[in-house]
Amino acid sequence: MEKYILALDQGTTSSRAVIFNKQVEKIACAQREFPQHFPHPGWVEHNPEDIFTSQLSVMKEAIMKAKLKPEQIEAVGITNQRETVILWDKNTGKPVYNAIVWQCRRTANLADQLISTGRGDLIRSKTGLLPDAYFSGTKIKWILDNVPGVRQRANNGEILAGTVDTWLTWRLSGKKVHVTDYTNACRTMLFNIHTLQWDDELLQLLDIPKCILPEVKDSSYIYAVTDKAVCGFEAPIASLIGDQQAALFGQACFNEGEMKSTYGTGCFLLMNTGAKPINSKHKLLTTIALGLNGQIQYALEGSVFIGGALIKWLRDELGIIKSAHECDILAESVENSNGVILVPAFTGLGAPYWDSYARGTIVGLTRGANKAHICRAALEAIAYQVKDEIECMKEDAGIKLTSLKVDGGASVSNLMMQFQADILDTPVYRPENTETTVTGAAFLAGLATGFWKSKDEIKNVWKINRVFTPSMDSSDRKKGYALWQKAVERSRSWD
């Protein structure tokens, strides 16, 4: 009887389930959006029950579509939105408050206070992270401090806490297992990435009792078995991994120096730096990429704030295109941007500039500039921002970039991927399956159960859709990047 891997992808706005065969072909998939809650400006919440019920329903729907018998499910893998955190009653299973989402900024003042009191270096040295409301630790503290009675119950051992992977595993296992993996633990700002333990000093700093936190395991590991009464079948839950790390593994970036860029609303870049964590001189994040077979791999992570969101801005705010595809068509209709450079600093600039007061700018406009040139400049801007991050990573890691693997919705743009290869002077590889996040979770679950025997076997089933080979003249590459940097300077310190 043929077996399959069931991979769950619990995202910020929707839950998905995908069933893969041994050739990594999608047999069935299902997806469902769930409500977002914004109780105050800058606050973002999810109902934890919505997270669970949406994930459970698409899991059952995918199994039904694939017409699988329960015994055909080899294993379940879970990948999840990172940093979002939930606290719940250990006995009743009832959440004590809504999930506080990674996007939520309610604890920004606390993060600023940690920096102003000189704790930033301590946190960075232990976790690889910069103190920020983005990470889970300050969110846990907020719930303990602001929901009546919860801190006392937590101190009494009556409360459990965890990121979304932990919550799902606990529920799918019939409320039996409280666990997470290294990639999710390291995003809490409470986990020491060197000792691989919850850090007592950081827990004391944020006044968080260790007893509420889950056990931490490898990303590929048999943590639990699904409860038949809940799921309708029994199968091992065999992978837990944060979404960006899952994409890195799904792209088969197994070796030091290999890198992936996900082109979504923003762009997330991760470089595998091997067995040793590397401290960034450019305020990039040092993070755990993977725990596999008792071995830890680390990564440098950088984020481009505005990626595909720039194309949506052209469509929704400027109204010069009706679809993302039209942006490509217009951009391809001209030979170049006619000197137009667009810097999408709508929410400031990240590495290497770190200027929260920068603002979006279009420079180089002449009477001959038209919407096709602006569309081309927009695609080039996304690629230039990725180059900025990659230059930081290369300098931090001292590793020569040999290739870039790409995925995400905007990676379908042939023009942008070719331009990316040109300005990096590095081949860009786009896989046949650009849904690498959920694929990474499937791979890791399959490795834990022997469905796939090794990383070499996974490399053999990972297939390339297209290779973009650099063809730009060296002098043109240098000139273009210098102009980009000049335009960035025009956008800075606007406030």
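Rules used in this analysis
Note on numbering: residues in each chain are counted from 1, in written sequence order. It should be noted that, the model being predicted, local features are given only for residues of pLDDT at least 70 and side-chain atom pairs only at 80 or more, the latter also being counted only at that level, while totals for whole chains, interfaces and linings use all residues. To obtain the side-chain values, all non-hydrogen atoms of the structure were included, while hydrogens and water were left out. Secondary structure elements are taken from DSSP: a helix is a run of H or I of four residues or more, a strand is a run of E of two residues or more, and numbering for both begins at the N terminus. Within these notes, the globule rule equals 2.2 Å times the number of residues to the 0.38 power, and the radius of gyration is based on C-alpha atoms. We call a residue buried when its accessible area falls under 20% of the maximum for its residue type, exposed when it is over 50%, and partly exposed in between, using a 1.4 Å probe and counting protein chains only. Two residues form a contact once any of their heavy atoms are found within 4.5 Å. Computed by Shrake-Rupley with a 1.4 Å probe, the accessible areas treat only the displayed protein chains as cover when residues are assessed. Within this scheme, the nonpolar core is defined by two criteria: the residues are buried Ala, Val, Leu, Ile, Met, Phe, Trp, Tyr or Cys, and they are joined through side-chain atoms within 4.5 Å. Counted as salt bridges are all cases of a side-chain nitrogen of Lys or Arg within 4 Å of a carboxyl oxygen of Asp or Glu. In this description, the term disulfide denotes a pair of cysteine sulfurs within 2.5 Å. Following DSSP output, two strands are said to pair if at least two bridges run between them. Where helices are involved, their axes are fitted lines through C-alpha atoms of the stretch in contact, as for all axes, and angles between N-to-C directions lie from 0 to 180°. Convention used here: angles under 35 degrees read as roughly parallel, angles over 145 as roughly antiparallel, angles from 65 to 115 as roughly perpendicular, and any remaining angle as oblique. Each residue gets one label: Ala, Val, Leu, Ile, Met, Phe, Trp, Tyr, Cys and Pro are nonpolar, Asp, Glu, Lys and Arg are charged, and the others, such as Gly, are polar. In this context, the arc is that of the directions from the helix axis out to the C-beta atoms.

Asker: Got a minute to help me understand the overall build of the chain in this structure?
Answerer: Of regular secondary structure, the chain possesses 17 helices and 23 strands. The C-alpha atoms of the chain give 22 Å as radius of gyration, which agrees with the globular expectation for 495 residues (23 Å, within 12%). Viewed in the frame of its principal axes, the chain has a C-alpha envelope of about 70 × 60 × 40 Å. Within the chain, buried positions represent 61% of all 495 residues. Summarising the internal contacts of the chain: among those between residues at least 6 apart in sequence, 72% fall at separations of at least 24. A total accessible area of about 19,800 Å² is found for the chain, and carbon and sulfur atoms account for 49% of it.

Asker: Explanation requested: the nonpolar core in the structure shown.
Answerer: A general feature of soluble globular proteins is that nonpolar side chains tend to end up buried together. Tyr263, Leu314 and Trp484 are the most contacted members of the largest nonpolar core, which totals 62 residues. Discounting residues that sit within four places of it in the chain, Trp484 has contacts with Ile341, Leu342, Val343, Pro344, Tyr353, Ala381, Tyr384, Gln385 and Asp388. By size, the runner-up hydrophobic cluster in this structure holds 42 residues, among which are Leu87, Ile100, Leu110 and Val216.

Asker: How should helix H3 (residues 120–127) be read in this particular structure?
Answerer: In an α-helix, one turn spans 3.6 residues; hence positions three or four apart end up facing the same way. When we look at burial in H3, the residues that qualify are Gly120, Ile123, Arg124, Lys126 and Thr127. Residues of H3 that are buried make contact with helix H2 (108–116), strand S10 (191–192), helix H8 (200–206) and strand S17 (285–292). Residue Gly128 follows H3 closely and has a positive phi angle near 80 degrees.

Asker: Honestly, the pattern of salt bridges in this entry has me stumped. Any pointers?
Answerer: Oppositely charged side chains may form a pair once their charged atoms are brought near each other. Summed over all chains, the structure comprises 28 salt bridges. For Glu301, the salt bridge identified is with Arg187, shortest N-O distance 3.1 Å. Of this pair, Glu301 sits in strand S18 (residues 295–304) while Arg187 sits in the loop between helix H7 (182–185) and S10, and the two are 114 residues apart along the sequence. Among the residues examined, Glu301 registers a relative accessible area of 2% and is labelled buried. In this structure Arg187 comes out as buried when scored by relative accessible area, which is 0%.

Asker: What is the right way to read the state of the cysteines from this model?
Answerer: Working definition: the covalent bond between the sulfur atoms of two cysteines is a disulfide. Applying the stated criterion across every chain yields a total of zero disulfides. Counting only cysteine sulfurs, Cys327 is the nearest neighbor of Cys267, a cysteine outside any disulfide, at a range of 14 Å.

Asker: Would you explain the sheet that holds strand S1 (residues 4–10) in this entry?
Answerer: Sheets are built from strands paired through backbone hydrogen bonds, the pairs being either parallel or antiparallel. One open sheet holds the six strands; their spatial order is S3-S2-S1-S5-S14-S13, and the pairing between them is mixed. Strands at the two margins of the open sheet, each flanked by one partner only, are strand S3 (26–33) and strand S13 (220–225). Sheet twist, expressed as the mean angle between neighbouring strand axes with direction ignored, is 25 degrees. For S13 and strand S14 (residues 236–242), the ladder comprises three bridges, and the chain directions are antiparallel. The partner of Ser220 across the bridge, within S14, is Ser239. Its contacts with the sheet put helix H1 (residues 48–66) on S1, strand S2 (14–20), S3 and strand S5 (73–80), and the angle it makes with S3 is roughly 150 degrees. Contacts from helix H10 (residues 243–250) reach S5 and S14, with the element oriented near 105 degrees to S14.

Asker: Sorry if this is basic, but what is going on with the sheet that holds strand S23 (residues 464–468) here?
Answerer: Strand order in this open sheet of seven strands is S17-S18-S16-S15-S21-S22-S23, and the pairing throughout is mixed. If you trace the sheet from one side to the other, it starts and ends with S17 and S23, each paired once. Ignoring which end each strand starts from, the neighbouring axes of this sheet average 25 degrees apart. Across five bridges, strand S15 (residues 259–263) lies against strand S16 (residues 267–274) in antiparallel orientation.

Asker: How should the side chain of Thr166 be read in this particular structure?
Answerer: When you line up the elements, Thr166 lands in helix H6 (residues 164–172). The residues contacting Thr166, other than those within four sequence positions of it, are Trp88, Ala161, His178, Val179, Thr180 and Pro214.

Asker: What should I look at first to understand the packing of helix H13 (residues 371–397) against helix H17 (residues 474–491) in this one?
Answerer: To characterise two packed helices, one gives the angle between the axes of the helices and the distance between these axes. With their axes 11 Å apart at the nearest point, H13 and H17 run at an angle of 95 degrees to one another. As the angle between them shows, H13 and H17 are arranged roughly perpendicular. From H13, Ala381, Tyr384, Gln385, Lys387, Asp388 and Glu391 reach across to H17, where they touch Gly480, Tyr481 and Trp484. Of the residues contributing to the contact of H13 with H17, the split by class is four nonpolar, two polar and three charged.

Asker: For this particular structure, what's the right way to read helix H12 (residues 324–332)?
Answerer: Residues Cys327, Asp328, Leu330 and Ala331 constitute the buried set of H12. The buried residues of H12 all sit within an arc of 165 degrees when viewed along its axis, so they share a single face. On its buried side, H12 packs onto helix H11 (308–318), H13 and helix H14 (414–424).

Asker: Would you take a moment to explain the pairing of S18 for this structure?
Answerer: A regular strand places its side chains so that they alternate between the two faces of the sheet. With eight of 10 residues buried, S18 lies mostly within the body of the structure. In this structure, S16 lies alongside S18, joined through seven bridges in antiparallel fashion. Across the sheet, residue Cys267 finds its bridge partner in S18, namely Val304. Summarising the sheet, S17 and S18 pair through seven bridges and their orientation is antiparallel. By the bridge assignment, Gly291 is partnered in S18 with Ile296. Here S17 hands over to S18 after two residues, with Asn293 in that stretch at a positive phi of 55 degrees.

Fair warning: the whole summary comes from geometry, so function is off the table for now.
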